[in-house]
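Examination of the molecular architecture
Below are the chains, spelled out letter by letter.
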Amino acid sequence: MDIRQATIDDLIGMQNANLLNLPENYTFKYYLYHALTWPELSYVAVDPRGRIVGYILAKMEDEPSPNTEPSGHVTSISVLRPYRRLGLANKLMKQSQEAMVAHYKASHITLHVRKSNRAAISLYRDTLGFEVHAMEKGYYADGEDAYGMRYLFNKKS
Ligand code: ACO
């Protein structure tokens, strides 16, 4: 499986994967916004025939205040079911994180995850070293709570 930076041509495949994998869906315009504004931050995993089997859709904080450090954000990540537990999500996250630091000097990265999403929480916390920094009650449209998770790129600072 190849991991590469997402292009505009990949956005429909990313949107299809998102629709298959998650209840949190976005307009095509929102995918386009990510790709045009932060083209270095979103990645796809493709099979040998070039089909998208996983993606990460990521961005920087839209409206940073002057006193805060640049912050990356994962809008969505998912991998098609037959391709899970192969390390793809881990690799997609790492590629995007590296780009956040290299291109935007990100000091940290944030994301939201459903309280019940054990697979994703394990990926973020146990594999990637994220920490829960907030619990947001009723964050999702169906009323489920979210964990706000955060990873500091330079934990010493
Ligand atoms: N149960 C427990 N731990 C898991 C699981 C699982 N089902 N899946 C992954 N992990 C953890 C493990 O620690 C794993 O390491 P290991 O395989 O060596 O034990 C580690 O995460 C890395 O796993 P990957 O193989 O890189 O993860 P994968 O490619 O399977 O993708 C993902 C994980 C994205 C959560 C996938 O299960 C998925 O697409 N789920 C549906 C969509 C989803 O929930 N996306 C996240 C929503 S939150 C957001 O988008 C910000």
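Further up the page is the structure itself.
These lines cover the structure that appears in this document, whether it is placed above or below. Just so you know, these numbers come straight off a predicted model, no measurement behind them.

1. Section: the site of the ligand
- Taken together, 22 residues sit near the ligand, with Ile-77, Val-79, Arg-85, Gly-87 and Asn-117 positioned nearest.
- One of the backbone nitrogen or oxygen atoms of Ile-77 is found 2.8 Å away from a nitrogen atom of the ligand.
- At 3.2 Å, a side-chain N or O of Ser-122 approaches a nitrogen atom of the ligand.
- Protein chains bury 77% of the 980 Å² of accessible surface belonging to the ligand in isolation.
- Elements that contribute at least two residues to the shell around the ligand include exactly strand 4 (71-79), helix 3 (88-104) and helix 4 (118-127).
- Element by element, the count of residues in the shell around the ligand is highest for helix 4, at six residues.
- Here the residues of the shell around the ligand are counted per class, giving eleven nonpolar, nine polar and two charged.

2. Some points on the sheet that holds strand 4
- Strand order in the open sheet made by the seven strands is 1-2-3-4-5-7-6, with mixed pairing throughout. The sheet is open, and its two borders are formed by strand 1 (2-5) and strand 6 (131-136), each paired with just one other strand. Taking each pair of neighbouring strands and ignoring which way they run, the sheet shows an average axis angle of 25°.
- Looking at chain direction, strand 3 (residues 52-60) and strand 4 are connected through seven bridges and run antiparallel. Bridged to Ala-58 within strand 4 is Val-74.
- Helix 2 (residues 28-37) rests against strand 3 and strand 4 of the sheet, and its axis sits at about 70° to strand 3.
- Lying over the sheet, helix 4 contacts strand 4, strand 5 (108-114) and strand 7 (146-152), oriented at roughly 160° with respect to strand 5.

3. Some points on helix 4
- Within helix 4 the residues assigned to the buried category are Ala-120, Ile-121, Leu-123 and Tyr-124. Along the axis of helix 4, the buried positions cluster into a sector of 160°, meaning they face one direction only. Of the residues in helix 4, the exposed ones pointing more than 90 degrees away from the buried face are Arg-118, Ala-119 and Asp-126.
- In the core, the buried residues of helix 4 are packed alongside strand 4, helix 3, strand 5 and strand 7.
- Directly after helix 4, the chain includes Gly-129, whose backbone phi takes a positive value near 85°.

4. Describing the packing of helix 1 (residues 11-21) against helix 2
- Where helix 1 contacts helix 2, the two axes come as close as 10 Å, and the packing angle between them is 125°. Regarding the angle of helix 1 to helix 2, the classification is oblique. In the crossing of helix 1 with helix 2, the sense of the turn from one axis to the other is right-handed. Taken together, the residues of helix 2 that come into contact with helix 1 (itself represented by Leu-11, Ile-12, Met-14, Gln-15 and Asn-18) are Phe-28, Tyr-31, Leu-32 and Ala-35.

About the criteria used
- Residues numbered from 1 in each chain as written.
- Predicted model: local features only at pLDDT ≥ 70, side-chain atom pairs only at ≥ 80, totals over all residues.
- Heavy atoms only, no water.
- Near = heavy atom within 4 Å.
- Polar contact = N/O pair within 3.5 Å; in protein donor to acceptor, adjacent residues only side chain to side chain.
- Areas by Shrake-Rupley, 256 points an atom, 1.4 Å probe, with all protein chains shown as cover.
- Helix = DSSP H or I, 4+ residues; strand = E, 2+ residues; numbered from the N terminus.
- Nonpolar A, V, L, I, M, F, W, Y, C, P; charged D, E, K, R; others polar.
- Pairing = 2+ DSSP bridges.
- Axes fitted to C-alpha atoms, helices over the stretch in contact; angles between N-to-C directions.
- Contact = heavy atoms within 4.5 Å.
- Buried < 20%, exposed > 50% of the residue type's maximum accessible area, 1.4 Å probe, protein only.
- Arc of directions from axis to C-beta.
- Parallel < 35°, antiparallel > 145°, perpendicular 65-115°, else oblique.
- Left-handed = near helix turned anticlockwise from the far one by under 90°.

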